[in-house]
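# A closer look at the structure
So you can see what is in the structure, the chains are spelled out below.
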Protein chains: 2
Amino acid sequence: MKTDKMEKLKYGFEEVKDFLIALGDEKRQIIIIALLNDHACKGLRVIDLTDLTELSRPAVSHHLKILKQIGIVDIRREGTKNYYYLSNAASEINKLRNLLDDVMEVMTEKKEEL
Amino acid sequence: MKTDKMEKLKYGFEEVKDFLIALGDEKRQIIIIALLNDHACKGLRVIDLTDLTELSRPAVSHHLKILKQIGIVDIRREGTKNYYYLSNAASEINKLRNLLDDVMEVMTEKKEEL
DNA sequence: TATAATCGTTCAAATTATTAAACCATTAAT
DNA sequence: ATTAATGGTTTAATAATTTGAACGATTATA
């Protein structure tokens, strides 16, 4: 019946999988909020984030790498200093929003079928 | 400055944490899609899901328990048979959508500040 | 009542994720 | 050129998650 719609859902879930995993971690949530709160938009350094997350430098570095891999964070290098900032997050957010919309649609249709 | 808005974000992230973790797992995604696809709305049994997920019965049972704990799945018992179905998922989805909206809003405001 | 069917629970093993210590590379400053 | 500062990488340990085997509880059926 609605196999095409379900296939779309399946693909949609796959597509946002890493984004969901990245967003589900408490420490990464703290990092994301800190980056959102960086109104000066200079970017934050690893050291800035060790305090906020109460994590070691390598651990912060690791989480930033994950956020970079899913494409919502980017780096700007200034000498030996690395400034991390949110980049392209809107695109990932929209993918997830579209998926949630599709899921809601399927659920609404199911209700109407009864 | 916008500390109240950031506090709201922080709370929002916390609130959807378990939902995000639950949704990030591939096997649980398969289960959710299967439940969405259950147009008859009779609910699906553990056995039905072992085939789809290629998981053992206890593993499926475990994932269903997680989905039940975050409040998007419920059980109906019929004799010895347990039928699982989506329940209250819209509520969790809306929480997540609201958070995504808030994040987008903060990002848009940041752009305007420049 | 005895047997079969269904599914949850417990437990231990395997896998994966997270973390920090130690190390390396690069850049800046002296 | 040395030295200091910054931060990424590797490695090893720890923690968490995922998994299936074995078992237990409940319900249906003979």
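Keep in mind it's a predicted model, so treat the numbers as computed, not measured.

## Re the protein's contact with DNA strand C
Not every one of the 21 residues close to DNA strand C is listed here, only the nearest: Ser56 and His63 of chain A together with Arg45, Asn82 and Tyr84 of chain B. Of all DNA strand C atoms lying within 4 Å of any protein atom, the proportion belonging to sugar or phosphate reaches 69%. Contact distances for DNA strand C include 2.9 Å between a phosphate oxygen and a side-chain N or O atom of Ser61 of chain B. Mapped by element, the contributors of at least two residues to the surface near DNA strand C are α2 (26–36) and α4 (57–69) of chain A together with α3 (46–53), α4 (57–69) and β2 (81–86) of chain B. Among the elements that make up the surface near DNA strand C, the one with the highest residue count is α4 of chain A (four residues).

## Section: the relation of the copies chain B and chain A
For the pair chain B and chain A, the relating rotation is 180 degrees, the translation along its axis is 0.0 Å, and the fit reaches an RMSD of 0.0 Å. With respect to symmetry, the two chain copies, as superposed, fit the operation of a two-fold axis. Mapped onto chain A, 100% of the interface residues of chain B again fall at the interface, so both copies present the same surface.

## Topic: the interface of chain B and chain A
Between chain B and chain A, the contact holds 36 residues from the first and 36 residues from the second. Here chain B packs against chain A, burying approximately 3500 Å² in sum over the two surfaces, 76% of which is carbon and sulfur. For chain B, the biggest contributors to the area lost against chain A are Leu36, His39 and Lys110 of chain B; these three give 18% of the whole. If you look at where chain B meets chain A, you find two salt bridges. Linking Arg97 of chain B and Asp101 of chain A is a salt bridge whose minimum nitrogen-to-oxygen distance equals 2.2 Å. Scanning the region where chain B abuts chain A turns up nine residue pairs in polar contact (both at pLDDT 80 or more). Every element with two or more residues in the side of chain B that touches chain A is listed here: α1 (3–24), α2 (26–36) and α5 (89–113) of chain B. Among the elements that make up the side of chain B that touches chain A, the one with the highest residue count is α5 of chain B (14 residues). Looking at the side of chain B that touches chain A, its residues break down into 21 nonpolar, five polar and ten charged.

## Section: the confidence of the model for chain A
Residue-level pLDDT values for chain A average 92, and 97% of them are 70 or greater. When pLDDT is averaged over each helix and strand of chain A, the minimum, 92, is found for helix α3 (residues 46–53) of chain A and the maximum, 95, for α2 of chain A.

## Comments concerning the pairing of β2 of chain B
Residue and element names in this part refer to chain B. In the sheet, strand β1 (residues 73–78) pairs with β2 via six bridges, with the strands oriented antiparallel. Across the sheet, residue Ile75 finds its bridge partner in β2, namely Tyr84. The antiparallel pairing of β1 with β2 creates a hairpin that spans two residues between the two strands, and Gly79 there sits at a positive phi of about 65 degrees.

The rules behind the values
Residues numbered from 1 in each chain as written. Chains lettered and ligands numbered in written order. Predicted model: local features only at pLDDT ≥ 70, side-chain atom pairs only at ≥ 80, totals over all residues. Heavy atoms only, no water. Near = heavy atom within 4 Å. Polar contact = N/O pair within 3.5 Å; in protein donor to acceptor, adjacent residues only side chain to side chain. Helix = DSSP H or I, 4+ residues; strand = E, 2+ residues; numbered from the N terminus. Least-squares fit on C-alpha atoms with pLDDT ≥ 70 in both. Contact = heavy atoms within 4.5 Å. Buried area = accessible area lost by both parts, 1.4 Å probe. Salt bridge = Lys/Arg side-chain N within 4 Å of Asp/Glu carboxyl O. Nonpolar A, V, L, I, M, F, W, Y, C, P; charged D, E, K, R; others polar. pLDDT = per-residue confidence, 0-100. Pairing = 2+ DSSP bridges.

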